[in-house]
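Next come the chains, spelled out residue by residue.
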Amino acid sequence: MLVEINFDGIVGPSHNYAGLSAGNLAAMKNAGLTSRPRDAALEGVAKMRANLALGLTQGLLPPQDRPDDGWLTSLATTYTDATPYLQAQALSASPMWAANAATVSPGPDTPDGRCHLTVANLVTMPHRSHEWPETLAQLRLAFADPAFAVHLPVPAPFGDEGAANHMRLCEHHDARGVEIFVYGESGGPFPARQRREASEAIARRHRLSPDRTLFAQQSVAAITAGAFHNDVVAVANERVLFAHELAFEDKDGLYAGIARAAPWAEIVEVPAARVSLADAISSYLFNAQLVTLPDGTMALIVPGEARANAAVWAWLQEMLAGNGPIRRVEVVDVRQSMANGGGPACLRLRVVADPATVDDRFMVDTAKLDRIAVTIEAHWPEEIAIADIGDPTLISRIRAARTALLETLYLSDLLTINPVR
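Residues numbered from 1 in each chain as written. Predicted model: local features only at pLDDT ≥ 70, side-chain atom pairs only at ≥ 80, totals over all residues. Heavy atoms only, no water.

(A) How the structure looks around the overall build of the protein chain. Helix and strand counts for the protein chain come out as 15 helices and 15 strands. Counting only C-alpha atoms and orienting by the principal axes, one finds that the protein chain spans roughly 55 × 45 × 40 Å. A burial count over the protein chain gives 59% of its 421 residues as buried. Here the analysis covers contacts within the protein chain between residues at least 6 apart in sequence; of these, 77% occur between residues at least 24 apart. Surface exposure of the protein chain reaches about 15,200 Å², of which carbon and sulfur atoms provide 53%. Charged side chains of the protein chain number 35 positive and 48 negative; the gap between the two group centres comes to 1 Å. (Helix = DSSP H or I, 4+ residues; strand = E, 2+ residues; numbered from the N terminus. Buried < 20%, exposed > 50% of the residue type's maximum accessible area, 1.4 Å probe, protein only. Contact = heavy atoms within 4.5 Å. Areas by Shrake-Rupley, 256 points an atom, 1.4 Å probe, with all protein chains shown as cover. Lys, Arg positive; Asp, Glu negative; His and termini not counted. Charge placed at Lys NZ, Arg CZ, Asp CG, Glu CD.)

The following block contains the structure:
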């Protein structure tokens, strides 16, 4: 039976605020502050626990090895000898944002009936550009069943940021869908991370039907305002597209394309006059998990920052009072991730699949989350100050913490896999 599985990235023990992500306003604003990796990881576990309580199917992706010595070796240096800039790039815990792991086309959309995943290259940002080899190794392990096809990244220089710039509309998860690829065109002070060429290459690789594939440009205004990925201003689930009025450069063209390809779809648009781009981005209203509950109704899982924003919360309450398709709002605390620029949607990769075809070590239930929480409490650093980044003692602790978690998950084979580079 095909269901939507949310694979959440576990926040790694190297979680810190080095401010590496240009265009990510929260990450830049909080650069240099002291992070709390243990709290961050436990917040993520609590979010997964809340999803299970809602009746959702939940998986995980473990942290990657940090610092990335293989990447530093390719730069002819070591962590000890590297500059503080390269040390920070090599230590980043950004793989926690699993929405950037890959672009996923479920089996109902592909001619061979397999779920296709193309690993994101993330070439725009140095601290993320070296994630893909280990992401590939994890996905090939998790999705080794013939029901899946896991592909290498699109080659540079065509930047691809994965599911954060990809949406899918369908009447229900196991039905044939319409896939929407959102790309950027640089016109403001921040880089546009998703190239149209990359999106088109993935659509060809997954052999998607052209009449059920749409390409839309993210608005320059949204990128300039700090929407570094499409999922900061729009999210889709089954028959619903939930978007800000200013999310797309050619909104009318996209909406017309949706009407042709998915006449059953419903667009819930938040007017800019009610919620500004600034409020939408600071609250991460759209970087929410829009999910279908077991009773068939939809819920929006938002960060606490959405409730704290008066304009956003007022609009959400009015939406709930109406007769729209989103009937419930759930609030989660992911403040440590939010402070580094990643909300609830950033932390998860959506895969429509039969859970029986997924390596069970990557699936979670409440008992496994209990074990994960115990490991995090015992091994994750409580704090990391920017001045600590070069401390060899900290690096040893980070590595020991990841090893302990992989042993807890029976995934110690990830310690010996040599990622393709």
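(B) Here's a closer look at the nonpolar core. Phe-7, Leu-117, Phe-143, Phe-248, Val-351 and Ile-372 are the most contacted members of the largest nonpolar core, which totals 77 residues. For this core, the leading source of residues is helix α6 (residues 132-142), giving 5 residues. The residues contacting Ile-372, other than those within four sequence positions of it, are Ile-10, Val-45, Leu-60, Leu-405, Thr-408 and Leu-409. Counting 21 residues, the second-largest nonpolar core is a separate cluster that includes Val-240, Leu-300, Leu-316 and Val-329. (Core = buried A, V, L, I, M, F, W, Y, C linked by side-chain atoms within 4.5 Å.)

(C) Structural detail: the sheet that holds strand β6 (residues 166-169). Taken in spatial order, the 3 strands line up as β6-β7-β8 in an open sheet, and their pairing is mixed. Every interior strand has two partners, whereas the edge strands, β6 and β8 (213-217), have only one. On average, adjacent strands in this sheet sit at an angle of 25° to one another, irrespective of strand direction. Each of β6, β7 (178-183) and β8 touches helix α9 (residues 251-261); the most contacted strand, β8, lies at about 170° to it. (Pairing = 2+ DSSP bridges. Axes fitted to C-alpha atoms, helices over the stretch in contact; angles between N-to-C directions.)

(D) Region of the structure containing the pairing of strand β4 (residues 115-119). Counted residue by residue, β4 has 5 buried out of 5 residues, so it is predominantly covered. Side chains Cys-115, Leu-117 and Val-119 project from β4 onto one buried face, and the interleaved His-116 and Thr-118 project onto a second face that is buried too.

(E) Spotlight on the environment of Gly-324. For Gly-324, the location among the structural elements is in the loop between α12 (310-321) and β14 (326-332). Residue class for Gly-324 comes out partly exposed when judged on its relative accessible area of 25%. For Gly-324 and Pro-155, which are 169 residues apart along the polypeptide, the C-alpha to C-alpha distance reads 42 Å.

(F) A look at the packing of helix α14 (residues 366-379) against helix α15 (residues 392-408). Where α14 meets α15, the axes come as close as 10 Å, and the angle between the chain directions of the two elements is 165°. Classified by the angle their axes make, α14 and α15 are roughly antiparallel. The crossing of α14 and α15 is right-handed. Counted together, Arg-371, Ile-372, Thr-375 and His-379 of α14 and Arg-397, Ala-401, Ala-404, Leu-405 and Thr-408 of α15 form the full contact between these two elements. Classifying every residue of the contact of α14 with α15 gives 4 nonpolar, 3 polar and 2 charged. (Parallel < 35°, antiparallel > 145°, perpendicular 65-115°, else oblique. Left-handed = near helix turned anticlockwise from the far one by under 90°. Nonpolar A, V, L, I, M, F, W, Y, C, P; charged D, E, K, R; others polar.)

(G) The pattern of salt bridges, seen in detail. The tally for this structure, following the rule as stated, stands at 20 salt bridges. For Glu-197, the salt bridge is made with Arg-195, and the minimal N-O distance between the two is 3.2 Å. On the basis of relative accessibility, which here comes to 30%, the residue Arg-195 falls in the partly exposed class. Connected through salt bridges with shared partners, the residues Arg-36, Asp-39, Glu-382 and Glu-383 form a single ionic network. (Salt bridge = Lys/Arg side-chain N within 4 Å of Asp/Glu carboxyl O.)

(H) Inspection of the side chain of His-173 at higher detail. Secondary-structure assignment places His-173 in the loop between β6 and β7. Here His-173 falls in the buried class, since its relative accessible area comes to 13%. Those residues within four positions of His-173 in sequence are excluded, and the remaining contacts are Glu-4, Pro-108, Arg-168, Asn-237, Glu-238, Thr-292 and Val-352.

(I) The arrangement of the sheet that holds strand β13 (residues 298-303) in detail. Strand order in the open sheet formed by 3 strands is β12-β13-β14, and the pairing between neighbours is mixed. The open sheet has two free edges, formed respectively by β12 (289-292) and β14, since each of these has just one partner strand. Taking the axes of each pair of neighbouring strands and ignoring which way they run, one obtains an average angle of 25° across the sheet. Sheet analysis places β13 next to β14, joined by 6 bridges and oriented parallel. The partner of Val-302 across the bridge, within β14, is Val-331.

(J) Seen up close, the packing of aromatic side chains. Using the criterion set out here, one finds 5 aromatic pairs in the structure. An aromatic cluster is defined as three or more aromatic residues linked by ring pairs; in this entry it consists of Phe-7, Phe-143 and Phe-148. (Phe/Tyr/Trp six-rings, centres within 6.5 Å; stacked < 30°, edge-to-face > 60°.)

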